[in-house]
Amino acid sequence: MPSILDLGRYFELANGIVKDEQYENVYIGDVLSFAISHIKDSSIWITIQNNVNVVAIATLREVKAIILTEGVKPDSDMLQKSIEQQIPIFTTELSHFETARLLILKEKEDKNEAIL
């Protein structure tokens, strides 16, 4: 399984929280009310939402890390709460699609699986 620690190779860590834990799923979505009922535990969450409510939902759903795409940076409340809750936040200039594609390609590469 992929590790949260590996995400630091591809994305910028925004809050200094380093964890060597495995994640099992990836959730991509920006509508918080929808995310709360659809994120599976032990997921990473790809979103452009950058406020403290994201961390609250991440805590409820046992999200392992958050990746903010499109160059979005966490606001100060989000950063503070993520540190309190020990949830790593990564940032990237990539789109949701490009971020997910990178994660898929790296996972397949790590498993020595064919790309197609």
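This is a predicted model, so every value here is computed, not measured.

1. Remarks on the UniProt feature "domain: DRTGG" (unreviewed entry) in the chain
1) Next: UniProt records the feature "domain: DRTGG" (unreviewed entry) for residues 31-103 in the present numbering.
2) Next: When the span residues 31-103 is considered, its composition is 47% helix and 16% strand, and the gap between its end C-alpha atoms is 22 Å.

2. Details of helix H5 (residues 96-110)
1) Next: Helix length check: H5, at 15 residues, gives a terminal C-alpha distance of 21 Å against a target of 21 Å (1.5 Å per residue), a fit within 8%.
2) Next: Among the residues of H5, His96, Thr99, Ala100 and Leu103 are the ones counted as buried. Axial view of H5: buried residues confined to an arc of 95°, hence all on one face.
3) Next: Each element contacted by the buried residues of H5 is listed here: helix H1 (4-7), strand E2 (25-28), strand E3 (43-47) and strand E4 (65-68).
4) Next: Taken from the residues just after H5, Asn112 is the one with a positive phi, measuring 60°.

3. Side note on the packing of aromatic side chains
The description of an aromatic ring pair rests on the distance of the ring centres and on the angle between the ring planes.
1) Next: For the structure shown, the criterion picks out two aromatic pairs.
2) Next: An angle of 75° between the planes, with centres 6.3 Å apart, marks the rings of Tyr10 and Phe11 as edge-to-face.
3) Next: By relative accessible area, which is 4% here, Phe11 ends up buried.
4) Next: Ring centres of Tyr27 and Trp45 lie 6.5 Å apart, and the angle between their planes is 65°; this geometry places the pair in the edge-to-face category. You can see Tyr27 sitting in strand E2 and its partner Trp45 sitting in strand E3, a full 18 residues away along the chain. The exposure classification of Tyr27 matches that of Trp45, with both residues buried.

4. A closer look at a negative patch on the surface
1) Next: Taken together, the side chains of Glu12, Glu70, Glu93 and Glu98 make up a negatively charged region of the molecular surface.
2) Next: If you trace the backbone, Glu70 turns up in the loop between E4 and helix H4 (76-85).

About the thresholds
Residues numbered from 1 in each chain as written. Predicted model: local features only at pLDDT ≥ 70, side-chain atom pairs only at ≥ 80, totals over all residues. Heavy atoms only, no water. UniProt positions renumbered as here; feature names shortened; annotations may be inferred. Helix = DSSP H or I, 4+ residues; strand = E, 2+ residues; numbered from the N terminus. Expected span 1.5 Å × (residues − 1). Buried < 20%, exposed > 50% of the residue type's maximum accessible area, 1.4 Å probe, protein only. Arc of directions from axis to C-beta. Contact = heavy atoms within 4.5 Å. Phe/Tyr/Trp six-rings, centres within 6.5 Å; stacked < 30°, edge-to-face > 60°. Patch = residues over 30% accessible without salt bridge, like charges linked within 9 Å, V, L, I, M, F, W, Y side chains within 5 Å. Areas by Shrake-Rupley, 256 points an atom, 1.4 Å probe, with all protein chains shown as cover. Salt bridge = Lys/Arg side-chain N within 4 Å of Asp/Glu carboxyl O. Lys, Arg positive; Asp, Glu negative; His and termini not counted. Charge placed at Lys NZ, Arg CZ, Asp CG, Glu CD.

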